[in-house]
Amino acid sequence: MKVLQRASASRYGLATAYLLAAALLAAAPLFTSDFRLNLLAKFLAFAIAAVGLDLLWGYTGILSLGHGVFFGLGGYAMAMHLKLQASGGKLPDFMEWSGLSKLPWFWTLFQSFGMSVILGIAIPSLVALFLGYFTFRNRIRGVYFTILTQALVVISVTLITGQQAFTGGTNGITGYGELFGYSLAAPEMKIALYYVTAAVLVVVLLLSRFLVKSRFGKVLRAVRDGENRVRFLGYNPAKFQMAVFVLSAAFSGIAGMLFVLHVGIISPSMMGIVPSIEMVLWVAIGGRGTLIGAALGALLMNGAKSVFSETYPEIWLFFMGALFIVTTVFLPRGIVGLVADGWHRLRLLGRRRKGVPEHERSRYSAV
Amino acid sequence: MDVVWLQLFNGISVSSILLLIALGLAVTFGQMNVINMAHGELIMVGAYATYLTQRLFQMYLPASWFDQYFLLSILASFVAAFLIGLLLEKVLIRFLYGRPLDSLLATWGVGLVLQQLARTLFGAPNVGVKSPSWLEGGLTVTSGLSLPYKRLFILGLVAVCLLAMFLYIYRTAAGRRMRAVMQNRDMAACLGISTRRVDSMTFAIGSGLAGVAGCALTLIGPIGPTIGTYYIVDAFMVVVLGGVGKLVGTVFGALGIGLTNSLFEYWTDASLGKVLVFLCIVAFLQWKPKGFVAMRTRSLD
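The rules behind these values
Residues numbered from 1 in each chain as written. Chains lettered and ligands numbered in written order. Predicted model: local features only at pLDDT ≥ 70, side-chain atom pairs only at ≥ 80, totals over all residues. Heavy atoms only, no water. UniProt positions renumbered as here; feature names shortened; annotations may be inferred. Helix = DSSP H or I, 4+ residues; strand = E, 2+ residues; numbered from the N terminus. Buried < 20%, exposed > 50% of the residue type's maximum accessible area, 1.4 Å probe, protein only. Contact = heavy atoms within 4.5 Å. Expected span 1.5 Å × (residues − 1). Bend = angle between axes of the 7 residues up to and from the residue. Axes fitted to C-alpha atoms, helices over the stretch in contact; angles between N-to-C directions. Parallel < 35°, antiparallel > 145°, perpendicular 65-115°, else oblique. Left-handed = near helix turned anticlockwise from the far one by under 90°. Nonpolar A, V, L, I, M, F, W, Y, C, P; charged D, E, K, R; others polar.

As recorded in an unreviewed UniProt entry, chain B goes by the name Urea ABC transporter permease subunit UrtB, listed as coming from Paenibacillus herberti.

Naming follows an unreviewed UniProt entry, where chain A appears as Urea ABC transporter permease subunit UrtC of Paenibacillus herberti. Per UniProt, chain A carries the Subcellular location (unreviewed entry) text "Cell membrane".

Looking at the secondary structure, you find Ala 106 of chain B in helix 4 (residues 100-122). Ala 106 of chain B sits in the buried class, given a relative accessible area of 0%. Distance in space between the C-alpha atoms of Ala 106 of chain B and Trp 134 of chain B is 42 Å, their sequence separation being 28 residues. Those residues in contact with Ala 106 of chain B, other than ones at most four positions away along the chain, are Phe 324, Ile 325 and Thr 328 of chain A together with Leu 92 and Leu 96 of chain B.

Because the α-helix completes a turn every 3.6 residues, residues three or four places apart line up on one side. Residue and element names in this part refer to chain A. The terminal C-alpha atoms of helix 2 (residues 34-59), which comprises 26 residues, lie 36 Å apart, in line with the 38 Å expected from a rise of 1.5 Å per residue. A bend of about 30° at Leu 53 is the largest found in helix 2. Judged by how many residues are buried, helix 2 sits mostly within the fold: 20 of 26 residues are covered.

What follows is about the packing of helix 1 (residues 2-32) of chain B against helix 8 (residues 195-217) of chain B. Residues and elements named next belong to chain B. The N-to-C vectors of helix 1 and helix 8 enclose an angle of 165°; their axes lie 8 Å apart at closest approach. Classified by the angle between their axes, helix 1 and helix 8 sit roughly antiparallel to one another. Relative to helix 8, helix 1 is oriented so that their crossing is left-handed. Facing helix 1, whose interface residues are Ile 17, Leu 20, Ile 21, Leu 23, Gly 24, Val 27, Thr 28, Gln 31 and Met 32, helix 8 presents Val 198, Asp 199, Thr 202, Phe 203, Gly 206, Leu 209, Val 212, Ala 213 and Leu 217. Looking at the contact of helix 1 with helix 8, its residues break down into 12 nonpolar, 5 polar and 1 charged.

Shown next, in the form of structure tokens:
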């Protein structure tokens, strides 16, 4: 009975923490400046991508260095729609510079907002499905898969940079500022977009949590820990790997769309190798396999980056390199793991004083 | 016709550089299951070692000796990268055995630090390395086709490295130990092979080869802190395509990627060519998921 009470006590504590975080998120527009709010909204968009990556890496054990591509594809879908709106029926300016006289057929799909949102989710998902189908089915996994995702980044960036007439090349797509005729820079719009992003993040977190707690999530973890055993039990691991890869690509696509609404530009440099691996670092720092840790990691790392990288760009790169090393060697469970361990120790300490027998202590594991 | 020959030659030339880079990767990955993302930065170390050798020759030795600096710099870049690789293995990599994805992230961090270090020491802009005069010009085959001596020299250098690696792996006692550890680590350890020592030696030699590759790259263009990142992804693709465990796989992978790359880029354009090469690799992996040469083993995972 006592054990049950303790467990529920810690559960209440966690629930309070989550509620507090949600309240903080909801109240942020009240006490932050427009500039900071916009930054925070951008970080929340990153957090959405991080949660998707955590599903893939933390729970299924598949490391993708290609999520920048999915993020970018979502971003491009939204940017194409905004650009068409801004051009008002004429050809977008960069197409004119490159000598196009007619709108390419695939651009016409992005004239409606609803269609653009659908495509912003569907295109990354389809790319992920394509790569996933041709790799997981053949049991190409682990490091081999990771290298292939990195190659996907390289070719996507080269392709988008090279096809300047259709994609805007190195400059990316920019020069728009209105959604449905409302200015994206207006304070009310900023606040509305912030709430949309925060709401999407909460939905993504809840959905991921639901999946992780379900039977599906159990199989994912089983695939991570012993793929062949899962196969011998009669499951097809490839299907689960594909499903989670597609889902996580879709999350990244959504994040990319929101990112463009906040920032007003998307370019190949935002989907390259470095941004893609930075996403992995967010998850690693926060704590892989914890969902909330991934979101926290994204917020913390980006917050730190925006503070330090502008004032000390040199030190920032050293710092980031060191973080990669330190987290993988010393902190494989990230910040959340660190906090959980500390909490666990604290409780053990308290219990020892109260005289709980040794064999019972080991039964309490940190959440 | 000359154009096709030139493309073919360019393809082989690119392949040879990829091969030199991928050799070290294939060996460390095959042996220790470690993905060394800092390999590109070891290339950079080799390139800057060449640059420093050149500066020393310019500053302290008579001008007539200058042309000979390059031969010495090959050695210097190998030694510099070898030592850094050895240090890296002793300090970091050995804690990451059995965790390939973690080794990837940690070595990426090492790469970032090394890049920033180079930027602090040598400055962010690229520096030029003056090639020795005996490598200027080219070998004229027909009136329309001339093969640059630099590219030919790189081909020769890669051939020498490949031969040396072959002899080391297949004809020496150290190489035999290395193959034993690669095929069955536990058994090799039971038979009294110090797998720790073999690991550090292998890693250091792979790093040294990256250094030589960096030295070769100074002949092709200016060098900068990010020189390695340009080649590293392609080099990893060579390993994926060629498989690990045998030299011939790596050679095949490098030739496959180098040749198809230059052919597709000639037929279409640079950006579409890359996409086509990637699709070809994915298609090839449908046929041989473990790459061209797979090491046969009875272990399940």
